[in-house]
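Each chain is listed here by its residues.
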Amino acid sequence: LVGGRVLVMSPKNGGNKADWIGVREVRSRYGFGPERIVDYKALKGDPSDNIPGVPGVGKVTATKLLLKYSSLHEIYDDLGGAAKLIGESMADKLKKGKDSAFFSRGLAQLESGLDLDIELEDCSFEGLNESTVRDVLEKYDFHSLVRRLGANNGSTGRSEGPDKGKDSGQLGLF
């Protein structure tokens, strides 16, 4: 999403504060620009978005590769050269995880060319069937969202854990 005049707000501190992330912040944090984030997630994965990535590849390896290569395709086109950078064992993980890498890339890539015949007003709703929401979240393994929804005895939209009983603000619409 980040680029041009688009910034991303990243909540922190329980939602009380936020960082605004633009191109400069992405470059500072990762060492490369936002155009490579999709490939970064394809390699490393992103548990918060259920993106598996390549098993055994973490942020250090993903960053090394993306500082040398401009894309996931380029990395896989030069696995021999990549092996010199990250070692044979890690290159073997990349080779075995190729399908996962490209599947993960597809999950991380935003679709921006959709022609939707819908108005914002069409998206409003009255009431919410909590049981149905819970079933859908469980079906797709959104475990942390199920926990945030609360116990089966009626959701309060409050999170569990050390801040139990404190409104997280994340599920205010639920």
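Here, the structure is the one placed above.
Each value, and the rule that gives it
Counting restarts for each chain, with residues numbered from 1 along the sequence as it is written. Restriction of local features to residues with pLDDT of at least 70 applies here, the model being predicted, together with a cutoff of 80 or more for giving and counting side-chain atom pairs; totals for whole chains, interfaces and linings are based on all residues. Side-chain figures throughout are based on the complete set of non-hydrogen atoms in the structure, without hydrogens or water. Comment: elements are numbered from the N terminus, with helices defined as DSSP H or I runs of at least four residues and strands as E runs of at least two. Relative accessibility under 20% of the residue-type maximum defines a buried residue, over 50% an exposed one, and the middle range a partly exposed one, all with a 1.4 Å probe and only protein chains included. To be clear on the numbers: accessible area is Shrake-Rupley with a 1.4 Å probe, and residue cover counts the displayed protein chains and nothing else. Each Phe, Tyr or Trp ring, with Trp reduced to its six-membered ring, pairs with another whose centre is within 6.5 Å; inter-plane angles below 30 degrees give stacked pairs, above 60 give edge-to-face pairs, and intermediate values give tilted ones. Put simply, a charge is over a ring when the Lys NZ or the Arg CZ is close to the ring centre, within 6 Å, and near the line of the ring normal, within 35 degrees.

1. Re the overall build of the protein
A tally of helices and strands in the protein yields nine helices and two strands. The secondary structure elements of the protein, listed N-terminal to C-terminal, are β-β-α-α-α-α-α-α-α-α-α. Split into buried and exposed, the 174 residues of the protein put 30% on the buried side. When the accessible surface of the protein is totalled, it reaches about 12,100 Å², and 50% of it is carbon and sulfur.

2. So, the packing of aromatic side chains
Taken as a whole, this structure holds four aromatic pairs when the rule is applied. Between Tyr 76 and Phe 102, the aromatic rings sit 5.4 Å apart at their centres with planes inclined by 50 degrees, giving tilted as the arrangement. With Tyr 76 in helix 4 (residues 72–77) and Phe 102 in helix 7 (residues 98–108), this residue pair connects regions lying 26 residues apart in the sequence. Aromatic ring contacts, followed pair by pair, group Tyr 30, Phe 32 and Tyr 40 into a single cluster. Sitting over the ring of Tyr 69, Lys 68 keeps its end group 5.5 Å from the ring centre.

Just geometry here; none of it tells us what the structure is for.
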